[in-house]
Amino acid sequence: MYDVNTKRIDQVLEHMSRMLDLLDKLSERGAKAVLADEVAVAAMERALHLSIEGIVDVGNALIDGFIMRDPGSYSDIVEILRDEQVITDEQALILTRVTDFRKHLVNDYTSVPVNEMYSLVEEAAGMIRQFEPQVRAFLKKELF
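Now for a look at the structure at hand. No experiment lies behind these values; they were computed from the predicted model shown.

Let's shift gears to the pattern of salt bridges. Scanning the model with the defined rule gives 14 salt bridges in all. Put simply, Arg129 and Asp21 hold a salt bridge, and the shortest N to O gap is 3.0 Å. With Arg129 in helix α6 (residues 114-143) and Asp21 in helix α1 (residues 6-29), this residue pair connects regions lying 108 residues apart in the sequence. Classification of Arg129 by relative accessible area gives partly exposed; the value is 30%. Classification of Asp21 by relative accessible area gives partly exposed; the value is 35%. Among the charged side chains, a salt-bridge network with shared partners connects Arg69, Asp76, Glu79, Arg82, Asp83 and Asp89.

In structure tokens, the structure reads:
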């Protein structure tokens with residue numbers, strides 16, 4: 001039997017949903033308004049960062065719980081989820097771009113390319129939002 005921490009996965013997915021709601025609210029304001037507002041940019045950075053951490057944490061929980069191959073990087077986590085059919089090929093492409101952006105938010109945080117970040121959020125938010133139902137469907141299929 002698998003030892004999957006579904007309680008932790010649920011907590012992270014719920015938090016990700018709140019962060020995605022915040023990203024949606026920021027996006028509704030429009031690029032010009034967000035990029036001109038230091039607080040909005042900081043909020044977008046944080047919400048995107050926590051969404052990325054959520055993808056990574058949930059991915060690691062699935063990888064550990066279902067004894068999948070060990071990842072070598074953040075983008076490898078996404079690749080494993082694609083290989084194991086947790087997410088689709090299309091989702092994997094976008095989520096890889098999203099997880100790759102993490103280095104700007106964590107390592108290069110003094111010079112985050114905010115225009116690129118805004119564009120990434122606009123493009124990827126819908127795909128990130130699909131992550132939760134894909135994970136829940138996978139868990140249902142594998143555990144119940």
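For Pro133, the location among the structural elements is in helix α6. The sequence separation of Pro133 and Arg69 amounts to 64 residues, and the corresponding C-alpha distance is 23 Å.

Locating Thr99 in the fold gives a position in helix α5 (residues 89-106). Within polar-contact distance, the side chain of Thr99 engages the backbone oxygen of Thr96 at 3.1 Å.

Next up on the list: the packing of aromatic side chains. The full count for this structure, using the stated rule, is two aromatic pairs. Seen from their ring centres, Phe66 and Phe138 are 5.3 Å apart, and the 80° between their planes marks the pair as edge-to-face. Taken together, the residues span a long stretch of sequence, with Phe66 in the loop between α3 (38-65) and α4 (74-83) and Phe138 in helix α6 at a distance of 72 residues. On the basis of relative accessible area, Phe66 is assigned to the buried category, the value being 7%. The exposure class of Phe138 is buried, given its relative accessible area of 5%. These aromatic residues form a ring-pair network of at least three members: Tyr2, Phe66 and Phe138.

When you line up the elements, Gln91 lands in helix α5. The residues contacting Gln91, other than those within four sequence positions of it, are Met127, Gln130, Phe131 and Gln134.

Another point: α6. The terminal C-alpha atoms of α6 lie 41 Å apart, and with 30 residues this matches the ideal 44 Å at 1.5 Å per residue to within 8%. At Ala124, α6 is deflected by roughly 50°, the largest bend along its length.

A few words on the environment of Glu79. With respect to the secondary-structure elements, Glu79 resides in helix α4. Since its relative accessible area comes to 27%, Glu79 is described here as partly exposed. For the pair formed by Glu79 and Arg29, sequence separation is 50 residues and the distance between their alpha carbons is 33 Å.

Turning to the packing of α1 against α6, a few remarks are in order. Contact pair α1 / α6: the axes reach a minimum separation of 10 Å and the direction vectors enclose 155°. The angle between α1 and α6 falls in the class roughly antiparallel. Handedness of the crossing formed by α1 with α6: left-handed. Contact with α1, carried on its side by Thr6, Ile9, Asp10, Leu13, Glu14, Met16, Ser17, Leu20, Asp21, Leu23, Asp24 and Ser27, involves Tyr118, Val121, Glu122, Ala125, Ile128, Arg129, Phe131, Glu132, Val135, Arg136, Leu139 and Leu143 of α6 and no other residues of that element. Residues of the contact of α1 with α6, tallied by class, amount to 13 nonpolar, three polar and eight charged.

Conventions and cut-offs
- Residues numbered from 1 in each chain as written.
- Predicted model: local features only at pLDDT ≥ 70, side-chain atom pairs only at ≥ 80, totals over all residues.
- Heavy atoms only, no water.
- Salt bridge = Lys/Arg side-chain N within 4 Å of Asp/Glu carboxyl O.
- Helix = DSSP H or I, 4+ residues; strand = E, 2+ residues; numbered from the N terminus.
- Buried < 20%, exposed > 50% of the residue type's maximum accessible area, 1.4 Å probe, protein only.
- Polar contact = N/O pair within 3.5 Å; in protein donor to acceptor, adjacent residues only side chain to side chain.
- Phe/Tyr/Trp six-rings, centres within 6.5 Å; stacked < 30°, edge-to-face > 60°.
- Contact = heavy atoms within 4.5 Å.
- Expected span 1.5 Å × (residues − 1).
- Bend = angle between axes of the 7 residues up to and from the residue.
- Axes fitted to C-alpha atoms, helices over the stretch in contact; angles between N-to-C directions.
- Parallel < 35°, antiparallel > 145°, perpendicular 65-115°, else oblique.
- Left-handed = near helix turned anticlockwise from the far one by under 90°.
- Nonpolar A, V, L, I, M, F, W, Y, C, P; charged D, E, K, R; others polar.

Fair warning: the whole summary comes from geometry, so function is off the table for now.
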